[in-house]
Amino acid sequence: MLIRKTPDIRYSEVTPKGLYLRRREFIHAAAAGAIGAAATLSPVGTARAQAQGGRAKLPNVRKSAFSTTEKINPYEDVTGYNNFYEFGTDKDDPMRNGQKFISRPWTIRVEGLVKTPGSYDIDTFVKPHALEERIYRLRCVEAWSMVIPWVGIPLADVIKRLEPLPGAQFVEFTTLLDPKQMFGQRIPVLDWPYIEGLRMDEAMHPLAILAVGLYGEVLPNQNGAPIRLVVPWKYGFKGIKSIVRIRFTDKQPRNSWEVANPREYGFYANVNPTVDHPRWSQASERRLGEFLRRKTLMFNGYGDQVAGLYSAMDLRRAF
Ligand code: MTE
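Below: a short report on this structure. Quick caveat, the model's predicted, so the values are computed rather than measured.

Moving on: the side chain of R245. With respect to the element layout, R245 can be found in strand β11 (residues 243-249). Taking relative accessible area as the criterion, R245 reaches 18% and is therefore assigned buried. Separated by 3.1 Å, the side chains of R245 and E111 make a polar contact. For R245, the contacting residues outside a window of four places in its chain are R109, E111, E172, F173 and T174.

This is the structure we're talking about:
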């Protein structure tokens, strides 16, 4: 096991070496992308981007009993330190490069083993559900963590409304594929578009939400506007951003990180301090803003609620 002196795992360590070495190429494309985007945005598009970039308050958000009482991280941490590889691989890239991303109008396609397949406008999709504030811990696989006041809707309520067929055992989520706007997708850092999945009972767990905001405001682009998944007992990479497709299936989806490196990233990705990442310990974490490391808790501290989902499984093999 590696003894670390640096506070966080670096990108070069998370990513296979071959891909890391393509970073120069990536930065090159990023620069070109910024210029390209500025040139192609119409005045209407720019106005729209600015309008949604503004910090609009979300109405009628009720507090949820599922929230932690731990100290919330400042807005700047939550919005300035992200992974969203579609906008670059450094932690401040999503904030810097995602500003012009257009997230309205937005359509979500519902497909597969479900009674109500079709294309749904984001607002129609979200409207039937009451907005809740859920203050959750986020533990990234890179061994840093934050406490984030999400605003969202219970995923279980959304799924019930969509009426999956009895054969549906998994739900797969897909991020927008749009290399024009998301210049990171021009480089094969991952097999685009980003895909994630949950087993149906995980997806139906009351802690799982689709987030549309944070800090009582509309979700900023870098956090996955206009809608993203939040599953607080799993490593952050399960929290897929900017979702355009929800597919119900009888087969376990192949999530992007598992496809990229199956030895290091699995389908379940439950926060588990007893299963080290092949290249670093998962026993502790650095909470942004704190000096000393904290012990990482099993299921990110949500064990009382979710351990039952995995009682029949060997979590060393199903990592
Ligand atoms: N979703 C997409 N589409 N692309 C990404 O690169 N990164 C994941 C996850 N969702 C990622 C993504 C990872 S590794 C983490 S830790 C979280 O987003 C971090 O973002 P957040 O702080 O906004 O939750």
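For the structure on display, the rule yields 24 salt bridges. One salt bridge connects D250 with K251, and the closest N-O pair in it is separated by 3.4 Å. For D250, a relative accessible area of 39% translates into the label partly exposed. We classify K251 as exposed; its relative accessible area is 57%. The network of salt bridges with shared partners includes E70, R137, R139, E285, R287, E290 and R294.

With that settled, consider the packing of aromatic side chains. For the structure shown, the criterion picks out 14 aromatic pairs. Between F170 and F267, the ring centres sit 5.9 Å apart and the planes meet at 80°, which makes this aromatic pair edge-to-face. Of this pair, F170 sits in strand β6 (residues 170-175) while F267 sits in the loop between α10 (256-260) and β12 (284-287), placing them 97 residues apart in sequence. Accessibility assignment for this pair places F170 and F267 in one class, buried. A ring pair is formed by Y268 and Y310, whose centres lie 6.1 Å apart and whose planes are at 85°; its orientation type is edge-to-face.

Let's shift gears to the site of the ligand. If you check the shell around the ligand, you find 17 residues, and the closest are Y85, E86, R228, G239 and K241. Between the ligand and the protein, one listed contact pairs an oxygen atom with a side-chain N or O atom of K241 at 2.8 Å. When its residues are assigned to classes, the shell around the ligand shows eight nonpolar, six polar and three charged.

This next bit is on the nonpolar core. By size, the foremost hydrophobic cluster in this structure holds 79 residues, and its most contacted members are F125, F173, L210, I227, W233 and F248. No other element matches the six residues that strand β5 (residues 144-154) contributes to this core.

Consider a sheet: its strands pair through backbone hydrogen bonds, and that pairing is either parallel or antiparallel. Taken together, five strands build an open sheet; the order of strands is β3-β2-β11-β6-β7 and the sheet is mixed. The open sheet has two edge strands, β3 (118-121) and β7 (195-199), and neither has a second partner. Within the sheet, the average angular offset between the axes of one strand and its neighbour, ignoring direction, is 20°. Both β6 and β7 contribute to a ladder of five bridges, which runs antiparallel. Paired with T174 across the two strands is I195, which belongs to β7.

Glancing now at the pairing of β6. Counting buried residues in β6 gives six out of six residues, a clear majority hidden from the surface. Neither face of β6 is exposed, since F170, E172 and T174 on one face and V171, F173 and T175 on the opposite face are all buried. By the bridge criterion, six bridges tie β6 to β11 in an arrangement that is antiparallel. The residue bridging T174 from the neighbouring strand is R245, located in β11.

Reading the values: the criteria
- Counting of residues starts from 1 at the beginning of each chain's written sequence and follows it residue by residue.
- Two thresholds apply to this predicted model, a pLDDT of at least 70 for residue-level local features and 80 or more for giving and counting side-chain atom pairs, whereas whole-chain, interface and lining totals are computed over all residues.
- Here the side-chain values reflect all heavy atoms present in the structure, with hydrogen atoms and water set aside.
- Secondary structure elements are taken from DSSP: a helix is a run of H or I of four residues or more, a strand is a run of E of two residues or more, and numbering for both begins at the N terminus.
- Burial status follows relative accessibility: with a 1.4 Å probe on protein chains alone, a residue under 20% of its type maximum counts as buried, one over 50% as exposed, and anything between as partly exposed.
- Pairs of N or O atoms are called polar contacts if they sit within 3.5 Å, as long as, within protein, a hydrogen donor faces a hydrogen acceptor (for residues adjacent in sequence, only side-chain-to-side-chain pairs).
- In what follows, a contact means two residues having at least one pair of non-hydrogen atoms within 4.5 Å.
- When a carboxyl oxygen of Asp or Glu lies within 4 Å of a side-chain nitrogen of Lys or Arg, that pair is called a salt bridge.
- Here a pair means two rings of Phe, Tyr or Trp (six-membered ring of Trp) with centres within 6.5 Å. Their orientation is stacked below 30 degrees between planes, edge-to-face above 60, and tilted elsewhere.
- Here a residue counts as near a molecule or strand whenever at least one of its heavy atoms sits within 4 Å of it.
- Three classes are used, and their members are as follows: Ala, Val, Leu, Ile, Met, Phe, Trp, Tyr, Cys and Pro are nonpolar, Asp, Glu, Lys and Arg are charged, and the others, Gly among them, are polar.
- Only buried residues count toward a nonpolar core. Its members are Ala, Val, Leu, Ile, Met, Phe, Trp, Tyr and Cys residues joined through side-chain atoms within 4.5 Å.
- Two strands qualify as a pair provided DSSP detects at least 2 bridges between them.
- What counts as an axis is a line fitted to C-alpha atoms, over the stretch in contact for a helix, and the angles between N-to-C directions run from 0 to 180 degrees.

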